[in-house]
Amino acid sequence: WEVGGWERFGYVAAYTVALALVNYSGLEIVGNASLVVCIIAMSPFVILTVVGAPKVVTSRWFQLPEENAYDKEEPLFDDDFQTAPGPLPLFTCANILWRPFLNNMFWNL
């Protein structure tokens, strides 16, 4: 049984319209589900921002470190980056310890 010409066009058009109606009727469900997923995904960030906002001390945002902060006998970090071997040596430039800085930048990608 072969279908061709206008009959084939009619079948394809009817099938396309039927699938478009199914897609359109499901559009509201998909949209509402995506809103629910978005709210669930963003809620921890909103909650932590609301809880943590009163604890922020804005006067410390532009405070520079003390000049002799690196001369103290207690370590700067509780990490073993000063003794652990690595491809990047421990050096400072512009008062930045680059090895832990780049490590933090890598892990926070």
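Residues numbered from 1 in each chain as written. Predicted model: local features only at pLDDT ≥ 70, side-chain atom pairs only at ≥ 80, totals over all residues. Heavy atoms only, no water.

**Quick word on the overall build of the protein**
Inference 1: When helices and strands are counted, the protein shows two helices and two strands.
Inference 2: Counting helices and strands in the order they occur from the N terminus, the protein gives α-β-β-α.
Inference 3: Counting all 109 residues of the protein, 5% fall into the buried class.
Inference 4: Roughly 10400 Å² of accessible area belongs to the protein as shown, and the carbon and sulfur atoms make up 67% of that amount. (Helix = DSSP H or I, 4+ residues; strand = E, 2+ residues; numbered from the N terminus. Buried < 20%, exposed > 50% of the residue type's maximum accessible area, 1.4 Å probe, protein only. Areas by Shrake-Rupley, 256 points an atom, 1.4 Å probe, with all protein chains shown as cover.)

**Points about the packing of aromatic side chains**
Inference 1: For the structure on display, the rule yields two aromatic pairs.
Inference 2: Ring geometry for Phe106 versus Trp107: centroids 5.2 Å apart, planes at 80°, classification edge-to-face.
Inference 3: Overall, the relative accessible area of 65% leaves Trp107 in the exposed class. (Phe/Tyr/Trp six-rings, centres within 6.5 Å; stacked < 30°, edge-to-face > 60°.)

**So, the confidence of the model for the protein**
Inference 1: The pLDDT averaged across the protein works out to 81; a share of 73% of its residues lies at or above 70.
Inference 2: The secondary structure element of the protein with the lowest average pLDDT is strand 1 (residues 92–93), at 72, and the one with the highest is helix 1 (residues 5–52), at 92. (pLDDT = per-residue confidence, 0-100.)

**Points about helix 1**
Inference 1: With 48 residues, helix 1 extends 68 Å from end C-alpha to end C-alpha; this agrees with the ideal 70 Å at 1.5 Å per step.
Inference 2: The largest bend in helix 1 is about 40°, located at Met42, with the proline Pro44 one to four residues further on. (Expected span 1.5 Å × (residues − 1). Bend = angle between axes of the 7 residues up to and from the residue.)

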